[in-house]
Amino acid sequence: MLCKIADLFVEISEAGGIAPRCVNYMADCAVDVDIIIDKELYKPERWKGLSYEQAVYMDSGLIFYAELLKFGGMMLHASAVELDGKAYLFSGPSGMGKSTHARLWQQSFPGARVFNDDKPALRKLDGVWYAYGTPWCGKDGININLKVPLEGICFLRRGEKNEIRRLSPLEAASAIISQTLRRFSSTKGLALMTDTVDSLTRDIPVFELRCRPDTEAAIMSYKALNKSSREVKNEDKK
């Protein structure tokens, strides 16, 4: 099964029922394959408590991510929203309200749409960071095959009032690493991940939003992410 994901041609084994998640990414052309996800690499025994299909979903995602690092990319545990041709990512530990905050954006801003609700891919191409929809999109299966310039990332925390602050590069890197793949079979994989995170945090504004689940929080995050992105772009022009 040949797919095009994050501008890469990916051969994915259909074992375990992964095919239905890949329908919108199918490619029908003769090309050199960038990434091969071989069913021989699946290890369902390590996913205790999951069905075989669930284990294959997890393993195929891990294999894709490990290979994506070789192409200057990574995946982030996040909900990805597209608005006016720009991508905004909301991340944080499970249960922190990423999906809720993404839905608040849809309620607050006409045209906003969630294009991945679990693991969007990120890649830097020709100096620009892009967020992509992927077949690894969580239990609700929310994903659209999109490629959108990344405007900013926001890490969510629960709070009694809405307040937002930009993270330092060190804080941003720590937050991103906490919500991405951290176990590698070699030091090379770890080095690729840290280099990618370093590049991402230098180019893209990253915030922490302590918030209530209301539209005021959505508006606050939108204003902060847009203002900071403009400042970064203006600084790059100097």
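Residues numbered from 1 in each chain as written. Predicted model: local features only at pLDDT ≥ 70, side-chain atom pairs only at ≥ 80, totals over all residues. Heavy atoms only, no water.

Trainee: I'd love a proper account of the overall build of the chain, names of residues and values included.
Mentor: Check the secondary structure of the chain and you find five helices and 12 strands. For the chain, the C-alpha radius of gyration of 18 Å lies close to 18 Å, the compact-globule estimate for 238 residues. Counting only residues that meet the buried cut, the chain has 49% of its 238 residues in that class. Pairs at least 24 apart in sequence give 67% of the contacts found in the chain among residues at least 6 apart. Within the structure as shown, the chain displays about 11900 Å² of accessible surface, and the carbon and sulfur contribution to it stands at 50%. Distance between charge centroids for the chain: 5 Å, based on 33 positive and 31 negative side chains. (Helix = DSSP H or I, 4+ residues; strand = E, 2+ residues; numbered from the N terminus. Rg over C-alpha atoms; globule rule 2.2 N^0.38 Å. Buried < 20%, exposed > 50% of the residue type's maximum accessible area, 1.4 Å probe, protein only. Contact = heavy atoms within 4.5 Å. Areas by Shrake-Rupley, 256 points an atom, 1.4 Å probe, with all protein chains shown as cover. Lys, Arg positive; Asp, Glu negative; His and termini not counted. Charge placed at Lys NZ, Arg CZ, Asp CG, Glu CD.)

Trainee: How would you explain helix α3 (residues 169-178) if you had to name every residue and give the values?
Mentor: Count 3.6 residues to each turn of an α-helix, and residues three or four apart come out pointing the same way. Residues of α3 that are buried: A172, A173, A175 and I176. For α3, the angular spread of buried residues about the axis comes to 165°, placing them on one side. On its buried side, α3 packs onto β4 (73-75), β10 (147-158), α4 (187-203) and β12 (206-211). (Arc of directions from axis to C-beta.)

Trainee: Report on the nonpolar core, specifying residues and quantitative values.
Mentor: Counting 53 residues, the largest nonpolar core has I12, F64 and I153 as the members making the most contacts within it. Counting residues per element, this core draws most heavily on helix α1 (residues 52-68), at six residues. Every residue in contact with F64, bar those within four places of it in the chain, is listed here: I5, A6, V10, I35, I37, M75 and W136. F109, A112, L209 and L225 belong to the second largest nonpolar core, which has 20 residues in total. (Core = buried A, V, L, I, M, F, W, Y, C linked by side-chain atoms within 4.5 Å.)

Trainee: Any chance you could break down the environment of L8 for me, citing the residues and the numbers?
Mentor: As for its placement among the helices and strands, L8 is situated in strand β2 (residues 8-12). Counting along the chain gives 206 residues from L8 to D214, while the straight-line C-alpha distance between them is 37 Å. In contact with L8, not counting residues within four places along its chain, are C3, D34, I35, L68, F71 and R123.

Trainee: Explain the environment of R158 residue by residue, including any values.
Mentor: Relative to the helices and strands, R158 is located in strand β10. Between the C-alpha atom of R158 and that of S186, which follows or precedes it by 28 residues, the distance is 36 Å. Leave out the neighbours within four places in its chain, and R158 touches G95, M96, R210 and C211.

Trainee: A description of the pairing of strand β8 (residues 121-125) should follow, citing residues and the corresponding values.
Mentor: Looking at chain direction, β4 and β8 are connected through three bridges and run antiparallel. Bridged to M75 within β8 is A121. Relative to strand β9 (residues 128-132), β8 runs antiparallel, the two being bridged by five bridges. Following the sheet pairing, R123 is matched in β9 by Y130. (Pairing = 2+ DSSP bridges.)

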